[in-house]
2 protein chains.
Amino acid sequence: MKWKGEIIGAGMTRFGKFPYQTVSDLAHPAILSALTDADISTRNIQAVYCGSVYLGVAAGQRILRDLGMTGIAIYNIENACSSGSTAFREALIAIEAGVYETVLVLGVEQLSRLGKIVLPLNSDDREVAQGMIMPALYAMRAQRHMFDYGTTIEQLAQVAVKNRRNGSLNSYAQFQTPCTMEEVLHSKPVADPLTLNHCCPTGDGASAVVLTATERARRSSRSSVKVEASVLTSGLYETGFRNMSSAEISIRASKEAYEQAGLGPKDVSLAEVHDAFTIAEILYYEALGFCAPGEGGAFVQSGATAIGGQIPVNPSGGLLARGHPLGATGVAQLVEAYDQLKGRAGDRQVANARVALAHCTGGGISGLDHAACTIHILSN
Amino acid sequence: MKWKGEIIGAGMTRFGKFPYQTVSDLAHPAILSALTDADISTRNIQAVYCGSVYLGVAAGQRILRDLGMTGIAIYNIENACSSGSTAFREALIAIEAGVYETVLVLGVEQLSRLGKIVLPLNSDDREVAQGMIMPALYAMRAQRHMFDYGTTIEQLAQVAVKNRRNGSLNSYAQFQTPCTMEEVLHSKPVADPLTLNHCCPTGDGASAVVLTATERARRSSRSSVKVEASVLTSGLYETGFRNMSSAEISIRASKEAYEQAGLGPKDVSLAEVHDAFTIAEILYYEALGFCAPGEGGAFVQSGATAIGGQIPVNPSGGLLARGHPLGATGVAQLVEAYDQLKGRAGDRQVANARVALAHCTGGGISGLDHAACTIHILSN
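Bear in mind the structure is a predicted one, so any value in this text is a computation, not a measurement.

A. Representation of the pairing of strand β8 (residues 225–233) of chain A in the model. Residues and elements named next belong to chain A. The buried fraction of β8 amounts to nine of the nine residues, a majority that puts the element mostly inside the structure. Bridge analysis of strand β1 (residues 5–12) against β8 gives two bridges, and the strand direction is antiparallel. From the neighbouring strand, E6 faces β8, where its bridge partner is K226. Here β8 pairs with strand β11 (residues 372–379) via seven bridges, running antiparallel. Its bridge partner being in β11, V231 is matched across the sheet by I375.

B. Quick look at the packing of helix α6 (residues 153–167) of chain A against helix α10 (residues 278–287) of chain A. Residue and element names in this part refer to chain A. In the contact formed by α6 and α10, the axes pass within 8 Å of each other and the chain directions differ by 100°. On the basis of the axis angle, α6 is roughly perpendicular to α10. In contact with Q155, L156, V159, A160, K162 and N163 of α6, α10 contributes T278, I279, E281, I282 and Y285. In terms of residue class, the contact of α6 with α10 is made up of six nonpolar, three polar and two charged.

C. A look at the packing of aromatic side chains. Residues and elements named next belong to chain A. All told, the structure shown has eight aromatic pairs over all chains when counted by the stated rule. The interplanar angle of 70° and the centroid separation of 6.4 Å between the aromatic rings of Y75 and Y100 together place this pair among those described as edge-to-face. On the criterion of sequence distance, the pair formed by Y75 in strand β3 (residues 73–78) and Y100 in the loop between α3 (83–96) and β4 (102–110) is long-range, its members being 25 residues apart. For Y75, a relative accessible area of 0% corresponds to the buried category. Ring centres of Y138 and F277 lie 5.0 Å apart, and the angle between their planes is 20°; on these two criteria the pair is classed as stacked. With Y138 in helix α5 (residues 134–149) and F277 in the loop between β9 (270–272) and α10, the pair connects residues that are 139 residues apart, well separated along the chain. A relative accessible area of 2% means that Y138 is categorised as buried. Residue classification places F277 among the buried residues on the basis of a relative accessible area of 6%. Cluster of aromatic residues (ring-pair linked, three or more members): Y49, Y75 and Y100. Of note, R141 hangs over the ring of Y138, and the distance from its end group to the ring centre comes to 4.9 Å.

Conventions and cut-offs
Numbering of residues begins from 1 in every chain and follows the order in which that chain's sequence is written. For naming, the first written chain is A and the first written ligand is 1, with later ones following in the order written. Local features in a predicted model are, by the rule used here, given only for residues with pLDDT of at least 70; side-chain atom pairs are given and counted only at 80 or more, and totals for whole chains, interfaces and linings are based on all residues. Excluded from the side-chain calculations are hydrogens and water; all other atoms, namely the structure's heavy atoms, are used. For each residue, the accessible area found with a 1.4 Å probe, counting protein chains only, is set against the maximum for its type, and the residue is called buried under 20%, exposed over 50%, and partly exposed in between. Starting at the N terminus, helices and strands are each numbered in turn, a helix being any DSSP run of H or I of at least four residues and a strand any DSSP run of E of at least two. Strand pairing follows a simple DSSP-based rule, namely that at least 2 bridges must link the two strands. Geometry is summarised by axes, namely lines fitted to C-alpha atoms with helices restricted to the contacting stretch, and by angles between N-to-C directions that run from 0 to 180 degrees. For classification purposes, an angle smaller than 35 degrees is called roughly parallel, one larger than 145 roughly antiparallel, one from 65 to 115 roughly perpendicular, and anything else oblique. The criterion used for residue contact is that any of the two residues' heavy atoms lie within 4.5 Å. Residues are grouped as follows: Ala, Val, Leu, Ile, Met, Phe, Trp, Tyr, Cys and Pro are nonpolar; Asp, Glu, Lys and Arg are charged; every other residue, Gly included, is polar. The pairing test for Phe, Tyr and Trp rings, Trp by its six-membered ring, is centres within 6.5 Å, and the orientation test on the planes gives stacked under 30 degrees, edge-to-face over 60, and tilted for anything in between. By definition, being over a ring means that NZ of Lys or CZ of Arg is both within 6 Å of the ring centre and within 35 degrees of the ring normal.

All we've got here are geometric facts, nothing functional implied.
The following block contains the structure:
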């Protein structure tokens, strides 16, 4: 199926640590950049879908007031690391229903004001209470993948090297310097075998896209980006043994997304995936069908997922280099997909980009792979 | 218009202060009660829309896991006091789009674990920073209404007397004892002229409704409740003089809701309105067109809004008696509307109830009446 909403503009600001700015300072340039890109004004926006995790009560309304975007429908949506992409899905559904014609989707977060935190912080959760915070969980996944499939630490590190190289080509990235294999292997230990450079940074930032009804997009001379699939699901509860090297929720979501789009992994020109840790990207190669289970390590080592490779993954630099201000990430992936599909991604442009896949997953809950996973497939 | 979604089941638990329960303890009975009422099982639910304000990351997923409701789409929605009703609107839009056939809407909150707080707590907001917290804001509104229209403190207090009487007939209410005019007038001062009994309590609770596509509802022998209007808007920013005795956002939202439904205030059999303070209910009589501007005080005094009156308002007891666990309130209003329209509201049944209106508004932001307002009009 094709959804009845199309993206006609996208914008974001450089991710990083900006504790002295307000949330509005972060969000306004991203919003105005997306509206300018769509060649519309604030008055054309009928509703705003704001994805964030830690911004408190009525975040969207507080941000939009000073842009004069008042008296409209504003929705605040939270879904852990999938907050921004869930907001996009909600916007898409509303356009599908014909409730709005043109809407803005905003992803925004400011983690630098929260102090030194390890996410997620559901301290009531029994696994979290035992120390199963995200870096520990992914370290276990890495250990298991290495044990089961002979994946090497250098293969894991290659994900960081690749994404940091991509980030050095992206003026929106938090990290714009490449790093070497040696630097990844010898950075500060976090949770064995993961060192600091295997883990995405926390940070602040905002990203925005404008969605409009296909009918309206058709009336415009501007080219738009279509939505071939939108999927949201929550993890299945598994008691007892849990396969740590198989990304249950992402496997299920991608199957549904490909069916919805009538496309397969071979049709994907580029993918933005949720590389919160190097091992995560490898698990998602396999979950998304880019390579067979167990082959993710060799796949990245072969260069297949570099820009210019068979299926470039995270050309933006991904979470590892662009950064991961939770609510902003899902929309930033769509901004990158949009730029790639419009052929305006500059030095990191993927040649002949026709189909882009964006994948977000997050939220640690005992017994689930993750709380929420979204997949969107876009085409030009 | 009629929306393509209909309510086929509703349930809630008694509101109150339950700091020793978990959020799941609060939510599960409400969910199961709504599903039982709809005569369906957890397996029939394709998506859940969870409205809450202070429950942290992935609240819906954490609550639903232990009911085995995993592997489905779960959305967490925040819109201050309108969180639950915004979640309902999102669910309705998704059914309108044909994305799901049957969904659950959950409103849930647990304020008693947060300690002694005054809501809302956006301490960055310049009005809040100067002491314009909700009780202060509504005290100013009361002062202005009394000055402009000669509204009396006894008329304000009559709202509390009426709603506490209604609450005494509602086994879900936090306060199930009536109170006298004398008790309201002489309870602890909060913000002049409002005493404690002019203010809704904080508390904990959960409420749920099941929505299904009209087509599916038609195939069932069970009667359902239709949605005639759904509106969400944010407040208009007003610089300089602000009319404190006119509820800008609610006036605009109700106008849109009546137009959408093709109905007027005279068609409404009963209304659940956002009586966070006694003066608020009086402002909303006027905003919703139940009486002319300035006449709200005399209107409640006349008995017009009591059960058995011309237009019963808050037969459930409203926020003043049923309580106000933020995210749960909007859905609880729909539960009451559903029960009334099904003729099963017991001792507080409104005779010949055909059309019910539910109104939520909240979120304090400088320069806006409120951050978000929802209105839903339902019919049987």
